Amino acid sequence: MGKTISEKILSAHSGVDARAGQIVVAQLDFMMGQDGTSPLAIEAFREMGASRVSDPAKVAMVIDHSAPSPLEGVSRLHALMREFAREQGITFYDIGQGVCHCLIPERGHLSPGDLMVGADSHTCTYGAVNVFATGVGSTDLAAAMMTGKLWFKVPQTIRIILDGALPEGVCSKDLALWLAGKLTADGATYMAIEYEGEAIDEMSVEARFTLSNMAVEMGAKAGLMEADAKALQWMREHGARTLERVESDPDASFVETLEYRVHEVEPMVAKPHTVDNVAPVGELEGIRIDQGVIGTCTNGRVEDLEIAAGILRGRRVNPDVRLVVAPASQRVLLEGMDRGIIRDLVEAGAALVTPGCGPCVGTHNGVPGDGENVISTANRNFKGRMGNPNAFIYLASPATVAASVIEGSITDPRRYLSP
Amino acid sequence: MILKGKAWRYGRNVDTDVIIPARYLNVSEPAELAKHCLEDLDPGFACGVHPGDIIVAEENFGSGSSREHAPVAIKAAGVSCVIAKSFARIFYRNAINIGLPILECPEAVEGIGLGDEVRVDLAGGRIENLATGAIFQAQPFPEFMRRLIDLGGLEEYVRERLGKE
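About the criteria used
Residues numbered from 1 in each chain as written. Chains lettered and ligands numbered in written order. Predicted model: local features only at pLDDT ≥ 70, side-chain atom pairs only at ≥ 80, totals over all residues. Heavy atoms only, no water. Domains from an automatic or database assignment. Contact = heavy atoms within 4.5 Å. Buried area = accessible area lost by both parts, 1.4 Å probe. Axes fitted to C-alpha atoms, helices over the stretch in contact; angles between N-to-C directions. Helix = DSSP H or I, 4+ residues; strand = E, 2+ residues; numbered from the N terminus. Parallel < 35°, antiparallel > 145°, perpendicular 65-115°, else oblique. Nonpolar A, V, L, I, M, F, W, Y, C, P; charged D, E, K, R; others polar. Salt bridge = Lys/Arg side-chain N within 4 Å of Asp/Glu carboxyl O. Polar contact = N/O pair within 3.5 Å; in protein donor to acceptor, adjacent residues only side chain to side chain.

Caption draft 1: Region of the structure containing the domain arrangement of chain A. All names here are of chain A. Partitioning chain A into domains gives domain 1 (7–260) and domain 2 (272–416). One C-alpha centre belongs to domain 1, the other to domain 2, and the line joining them spans 24 Å. Of the residues lining the interface, 37 residues belong to domain 1; the matching set on domain 2 comes to 36 residues. Overall, the association of domain 1 and domain 2 removes approximately 3,000 Å² of surface from exposure, summing both partners, and the carbon and sulfur fraction of that is 56%. Sorting the residues of domain 1 by area buried against domain 2 places Val 99, Lys 173 and Glu 206 first, and these three jointly supply 18% of that buried surface.

Here you go:
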């Protein structure tokens, strides 16, 4: 019997013939924590009696959730991380470098076929470049830093085949929301997803990151894709150590194979307060918007900013709306500046904030007021997510957010497509 | 281990953002986190919960963020056990790693109402609704996780393993 991508990667890293359902102890290629989770991991690391991380070259910590620090308590935690990073000689990305899930693949820490964990649920993002990457908590990260290994239950896999091409004005984010609506918020719990098909082949690597990023919104452990020539090229340009891809065997065993034709997918919006509560944008047009957010680990890359700028260029954000733009990394910010994209967004009325997670996770940089409606390119619209439980968060693509902040209400972006 | 307490009853998809909002992630003191536990979902919880009480919820409990502050806040609030129809996987792992007992048992969730007195025999996975007399059997943990739980969590497990090496 053949193997899935997950079974192959976990076999290669555990030295056993790993099959779905089995528990294996596997060697990690990389591990990462952010400022919401690293402080507890550092405490747990010390509690375990550890003094040195097993391999400093395999560990990174990122300050992105509150960057720069909005509070004295946060500053203390940041200081703890800086001190730990210096003492251990690990890679450290301080404020302004960007969101961990943009940085880790961008800065050459990963290669196809790697096994990595991050103390952040959206670590599944790197599945888009053929890495078995999954979110863990702080204590797991501590054990991983100490031993270089972690236990895994080998997941079953759902295969999702996406046939056809996405229509114009429809982004990979719309597809991610559409799939969340089909599978629901726990439809893939404990499982890996393998995405394939023409729609994936056609997507840029950046657009693929968006899709893999949201695998966890269906409960999945990993959101994997095979590495095609496009992905390998991207990995080569971003410093991968090796370029050996891992594919699932033709006779691999999948728990389910779902096949969809994507030509009918429309721009989608997730309504408060769950990600699977989706509707086509047309059903929600006219709902008042008080704030827009473009950024995050889901949709804060150059291509995303470019899509938004394409709509906002030469237009103005509605005077009753605030638009917050948070590029996902410093490199994204610099490239966006070089290409005039940032200028277009700022001239249209956007407030540009430091690359980081703040507006999405509610730590700072755009906490909404009571009763306000926000439309965001983020991946979660849970109650209180953005820092105020009395606000309402709608999730959409960069195109839909851009069109909606111009109109001041939820708007179908296809109305703004250039002729 | 026998656990006993009053049931707090919640719905589907109780996510880690409502269990402990990110605005409190600058706090790592468990007692402080407990003061804000579930405040965006049920403002009466943190002040009304008694040691030993049990959270009973529908599917996908603990979905969302990987923040370990979520099971830490629940445990520090005095909750002895969470019973749900299903758990999100990172929360499941985190709860075991920090020593918060959790049980998957859809039948028990159907058969327990808000405020019912519940008794749980953790080793056997037996759940009893003392208000109605109904008895339910939860899924036992896989052996590997039972070992982790018996030792008290991952920190203790790693310490023990290091002792052997």
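Caption draft 2: Layout of the packing of helix H5 (residues 89–98) of chain B against helix H7 (residues 143–151) of chain B. All names here are of chain B. Where H5 contacts H7, the two axes come as close as 8 Å, and the packing angle between them is 40°. Viewed along their axes, H5 and H7 adopt a mutual orientation that is oblique. Packed against H5, whose contacting residues are Tyr 92, Ile 96 and Asn 97, the element H7 presents Met 145, Leu 148 and Ile 149 at the interface. Split into classes, the residues belonging to the contact of H5 with H7 amount to five nonpolar, one polar and no charged.

Caption draft 3: View of the interface of chain A and chain B. If you look at the interface, chain A gives 43 residues, while chain B gives 39 residues. Of the roughly 3,600 Å² buried at the junction of chain A and chain B (both faces included), carbon and sulfur atoms supply 57%. Broken down residue by residue, the surface that chain A buries against chain B is led by A:Thr139, A:Trp151 and A:Tyr190, which jointly contribute 19%. Put simply, chain A and chain B have three salt bridges between them. Between B:Arg12 and A:Asp186 there is a salt bridge, with its nearest N and O atoms 3.1 Å apart. Inspection of the chain A/chain B interface yields 18 residue pairs in polar contact (both at pLDDT 80 or more).

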